Amino acid sequence: MRTYALTVFDQSGKKLLDESFTATSDDEAKTVGQARLDDTGYQEYTHRCVTPEAKLILFHR
């Protein structure tokens, strides 16, 4: 398992969500991150999900 980071920002740059989760692959992490955004209602906010190596796998601005 690898640890991924999901961060959501408002328009002023304030963090609304900053959490980590584990997944077995980048594809699974992308699915988990998108589901978390849907659950919290943050899918239209600026967000990013990164791998342990800081590679972006999910981004919206």
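Residues numbered from 1 in each chain as written. Predicted model: local features only at pLDDT ≥ 70, side-chain atom pairs only at ≥ 80, totals over all residues. Heavy atoms only, no water.

Undergrad: For the pairing of strand E4 (residues 56-60), give the residues involved together with the corresponding values.
TA: Alignment of strand E3 (residues 46-50) against E4, held across four bridges, turns out to be antiparallel. Bridge pairing in E4 links Cys49 to Leu58. Here E3 folds back onto E4, and the loop between the two strands holds five residues, one of which, Ala54, carries a positive phi near 75 degrees. (Pairing = 2+ DSSP bridges. Helix = DSSP H or I, 4+ residues; strand = E, 2+ residues; numbered from the N terminus.)

Undergrad: How would you summarise the pattern of salt bridges if you had to cite specific residues and measurements?
TA: Oppositely charged side chains can form a pair if their charged atoms are brought close together. Tallied over the full model, the rule gives five salt bridges. Of the charged contacts, one joins Arg36 and Glu19 as a salt bridge, the two residues approaching to 2.6 Å between their closest N and O atoms. Taken together, the residues span a long stretch of sequence, with Arg36 in helix H1 (residues 26-40) and Glu19 in strand E2 (residues 15-23) at a distance of 17 residues. Overlapping salt bridges bring together Arg2, Asp26, Glu53 and Lys55 as one network. (Salt bridge = Lys/Arg side-chain N within 4 Å of Asp/Glu carboxyl O.)

Undergrad: Quick rundown of the sheet that holds E3? Include the residues and the values.
TA: Spatially, four strands are ordered E2-E1-E3-E4 in an open sheet, and the strand pairing comes out antiparallel. The open sheet has two edge strands with one neighbour each: E2 and E4. On average, each strand axis in the sheet is inclined to that of its neighbour by 10 degrees, with strand direction left out of account. (Axes fitted to C-alpha atoms, helices over the stretch in contact; angles between N-to-C directions.)

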